[in-house]
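Single-letter residue listing:
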Amino acid sequence: LSLMVIIDGVVIQHFYYNALMTHARIVNGLSMRVFRQSLRLTRTAQMTTQTGDLVNHVASDTEGIGEASFFIPEFIQSSLLLIGGLALLFTFLGSA
């Protein structure tokens, strides 16, 4: 039992490490692409939107997209646990 707790702790730590690395890659990659594109804007387009506003909007949008590296695996794990639990209940109790 204690071996399973140790293994579980290591697996959880690896999940969060990889999720944070994926989050950082997504946010940095999207920010870099949008910044490069903003440098290619025409002078009239640059005059209508201030650079600070653009950076703030991009940062909040990329953070929202980057959070998917946490939500998607959690959703999959929760769904599998729910299906597995219901299957076990149905196996042991039957259709009561």
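So, here is what we can say about the structure in this document. All values derive from a computational prediction rather than experimental measurement.

Thresholds applied
- Residues numbered from 1 in each chain as written.
- Predicted model: local features only at pLDDT ≥ 70, side-chain atom pairs only at ≥ 80, totals over all residues.
- Heavy atoms only, no water.
- Helix = DSSP H or I, 4+ residues; strand = E, 2+ residues; numbered from the N terminus.
- Buried < 20%, exposed > 50% of the residue type's maximum accessible area, 1.4 Å probe, protein only.
- Areas by Shrake-Rupley, 256 points an atom, 1.4 Å probe, with all protein chains shown as cover.
- Lys, Arg positive; Asp, Glu negative; His and termini not counted.
- Charge placed at Lys NZ, Arg CZ, Asp CG, Glu CD.
- Expected span 1.5 Å × (residues − 1).
- Contact = heavy atoms within 4.5 Å.
- Phe/Tyr/Trp six-rings, centres within 6.5 Å; stacked < 30°, edge-to-face > 60°.
- 1 Å grid on protein atoms, 1.4 Å probe; cavity = no way out; pocket = protein on both sides within 12 Å on 5 of 7 lines; lining within 4 Å.
- Points joined across faces, edges and corners; volume = space filled by probe spheres on them.
- Nonpolar A, V, L, I, M, F, W, Y, C, P; charged D, E, K, R; others polar.

Observations concerning the overall build of the protein
- The secondary structure content of the protein amounts to four helices and zero strands.
- Listing each helix as α and each strand as β along the protein from the N terminus yields α-α-α-α.
- Dimensions of the protein along its principal axes, counting C-alpha atoms only, are 70 × 35 × 15 Å.
- Looking at the protein residue by residue over its 96 residues, the buried ones come to 9%.
- Of the roughly 8100 Å² of accessible surface on the protein, 70% is carried by carbon and sulfur atoms.
- Side-chain charges of the protein comprise 5 positive and 6 negative groups, with the mean position of each set lying 21 Å from the other.

Remarks on the environment of Val 5
- Structurally, Val 5 is set in helix H1 (residues 2-39).
- Through-space distance from the C-alpha of Val 5 to that of Tyr 16 is 17 Å; in sequence the pair is 11 residues apart.

Brief notes about helix H3 (residues 51-66)
- Under the 1.5 Å per step criterion, the end-to-end length of H3 is 22 Å for 16 residues, consistent within 8% with the ideal 22 Å.
- In this fold, the buried residues of H3 make contact with H1 and helix H4 (68-93).

Quick word on the packing of aromatic side chains
- Taken as a whole, this structure holds one aromatic pair when the rule is applied.
- Judged by centre distance (5.0 Å) and plane angle (65°), the ring pair of Phe 15 and Tyr 16 falls under edge-to-face.
- For Phe 15, a relative accessible area of 27% gives the class partly exposed.
- For Tyr 16, a relative accessible area of 39% translates into the label partly exposed.

A look at the layout of surface pockets
- Considered as a void within the structure, the largest pocket measures approximately 160 Å³ in volume.
- At three residues, the largest contribution of residues to the lining of the largest pocket is made by H1.
- Class assignment for the residues of the lining of the largest pocket results in four nonpolar, four polar and no charged.

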